Amino acid sequence: MDLLALSDFNLVARHGGFGRAARATGRPKATLSRRVSELENSLDLRLFERGTRDLKLTQEGRALHERTGALLAELDETAAAIASGGDRPRGTLRISAPLLFSQTAMGKLAAGFALRYPQVRLEVTTEDRPVDMIEEGYDLVIRVNPDPDESLVGRIFLRDRLVVVASPSLGRPAGDRAVPAVVRETGDPTSSWDVVAPGGNLRIMVQPVLCLSSLIMVPDAVRAGVGAARLPVSLVSRDLAAGTLVHWGDVDGPEITLWTLYPSRRLLSARVSAFFDYLKEAFPSGTPDELAALID
């Protein structure tokens with residue numbers, strides 16, 4: 001396979017057309033068109049659907065772009081690093097991170113990383129939905145308790161746990177009396193929480209009275225005495241230490257694990273490796289206390 005033709009194909013696919021690719025790179029449009037046609041002929045495949053106004057990848061073209069685009073970019077980056085006499089991270093690093101982690105910690109982490117590696121352009125997108133790393137062009141994603149995926153390589157960098165907390169003014173649960181609760185999920189049908197308390201396991205009957213779309217808003221409502229809530233301990237550790245919130249127990253369930261994930265078939269670039277090392281430096285033990293210290 002002609003690597004130059006493959007590179008030109010990915011260039012056109014990335015920019016969405018021969019004209020846009022030519023304008024962005026200063027390459028002749030006719031040359032790009034000829035190279036792509038030669039690649040299609042050599043593969044005996046149609047890679048683009050050519051309309052009157054737009055250009056769309058065929059199914060085969062999309063598969064080829066997904067599997068070779070990132071690899072060619074990494075080869076270019078490696079060559080540039082060698083030519084410059086080092087392997088210092090450079091280029092664009094695109095990360096998808098969950099909402100709560102972004103709101104509480106990602107700003108400081110991103111700023112520190114950008115100051116340390118000024119030749120890396122860091123782009124962080126905040127979203128809780130599962131993303132297609134290849135299709136959407138992410139180098140790295142951060143996810144909470146992700147489902148297993150054979151196409152991704154993952155490692156845990158942080159652990160947290162859910163606790164039930166409330167204002168001291170709210171009476172502790174007793175018997176079958178339901179306590180008011182602040183919840184995140186709209187229409188949460190939960191009627192009880194199972195917790196591990198110092199005196200043993202406990203089932204707390206709850207009555208949701210306030211629903212908020214983000215956990216970052218919940219502590220304010222709990223401090224005001226609206227109701228109890230289940231929250232990551234890293235988010236409320238300062239309140240627990242100050243006595244503005246009291247701990248009713250740990251939620252009986254799986255721990256919270258934050259993972260970094262990247263495609264298994266992709267070479268680990270210098271910028272991704274640098275971000276891994278940066279997270280390890282920020283959270284050497286990966287404990288909730290380390291995250292709480294960063295939030296503070």
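The residue numbering used here restarts from 1 in each chain and proceeds along that chain's sequence as written. Given that this is a predicted model, residues contribute local features only at a pLDDT of at least 70 and side-chain atom pairs are listed and counted only at 80 or more, while totals for whole chains, interfaces and linings are drawn from all residues. Side-chain measures were taken over the full set of non-hydrogen atoms in the model, leaving aside hydrogen atoms and water.

### Points about helix H3 (residues 29-43)
Phase 1: Think of it this way: any DSSP run of H or I at least four residues long counts as a helix, any run of E at least two long counts as a strand, and we number them from the N terminus. Between the first and last residue of a helix there are one fewer steps than residues, each counted as 1.5 Å, and that sum is the expected span. Compared with an ideal rise of 1.5 Å per residue, which puts 15 residues at 21 Å, H3 spans 21 Å between its outermost C-alpha atoms and is within 8% of the ideal.
Phase 2: For every residue, the accessible area obtained with a 1.4 Å probe (protein chains only) is divided by the maximum for its type, and the residue is called buried under 20%, exposed over 50%, and partly exposed between those limits. Where H3 is concerned, the buried positions are Leu32, Arg35, Val36, Leu39 and Glu40. For H3, the angular spread of buried residues about the axis comes to 135°, placing them on one side. Along H3, the residues that are exposed and aim more than 90 degrees away from the buried face are Ala30, Asn41 and Ser42. Each C-beta atom gives one direction from the helix axis, and the arc is the one those directions make.

### Re the nonpolar core
Looking at soluble globular proteins, one finds that nonpolar side chains tend to be buried together.
Phase 1: In terms of nonpolar packing, the biggest core is built from 30 residues, with Phe101, Leu109, Phe113, Ile142, Phe157, Phe275 and Phe283 touching the most fellow members.
Phase 2: Of all the elements in the fold, those that place two or more residues in this core are strand E3 (91-97), helix H5 (99-116), strand E5 (140-144), strand E6 (152-160), strand E13 (256-263) and helix H9 (270-282).
Phase 3: A total of six residues in this core trace back to one element, the largest contributor, which is H9.
Phase 4: Contact criterion: two residues are considered in contact whenever any of their non-hydrogen atoms come within 4.5 Å of each other. When neighbours within four sequence positions are excluded, Phe157 is seen to be in contact with Phe101, Ile142, Leu258, Trp259, Thr260, Leu279, Phe283 and Gly286.
Phase 5: Think of a nonpolar core as a cluster: buried Ala, Val, Leu, Ile, Met, Phe, Trp, Tyr and Cys residues, connected wherever their side-chain atoms sit within 4.5 Å. Listed in part, the 17 residues of the second largest apolar core include Val36, Phe48, Leu55 and Leu72.

### Considerations on the sheet that holds strand E4 (residues 120-126)
Phase 1: At least two DSSP bridges between two strands are needed for those strands to be called paired. Here we have five strands laid out as an open sheet, ordered E4-E3-E5-E13-E6, and mixed in their pairing. Strands with a single pairing partner mark the edges of an open sheet, and in this sheet they are E4 and E6. Between one strand axis and the next, the sheet turns by 20° as a mean value, whatever way the strands run.
Phase 2: In this structure, E3 lies alongside E5, joined through two bridges in parallel fashion. Its bridge partner being in E5, Ile95 is matched across the sheet by Leu140. Here an axis means a line fitted to C-alpha atoms, over the contact stretch when the element is a helix, while the angle between two N-to-C directions is reported on a 0 to 180 degree scale.

### Observations concerning the pattern of salt bridges
Phase 1: What makes a salt bridge here is a side-chain nitrogen of Lys or Arg within 4 Å of a carboxyl oxygen of Asp or Glu, nothing more. Per the counting criterion, the structure on display carries 15 salt bridges.
Phase 2: With its nearest N and O atoms 3.2 Å apart, the salt bridge here joins Arg34 to Glu38. Within this pair, Arg34 and its partner Glu38 are both found in helix H3, separated by four residues, close to a single helical turn.
Phase 3: On the accessibility criterion, Arg34 (43% relative accessible area) is partly exposed.
Phase 4: Between Arg184 and Asp128 there is a salt bridge, with the nearest N and O atoms lying 3.3 Å from each other. Of this pair, Arg184 sits in the loop between strand E8 (179-183) and strand E9 (192-197) while Asp128 sits in the loop between E4 and helix H6 (133-136), and the two are 56 residues apart along the sequence.
Phase 5: We classify Asp128 as partly exposed; its relative accessible area is 42%.
Phase 6: Here the residues in one salt-bridge network are Asp8, Arg27 and Arg35, joined through shared partners.

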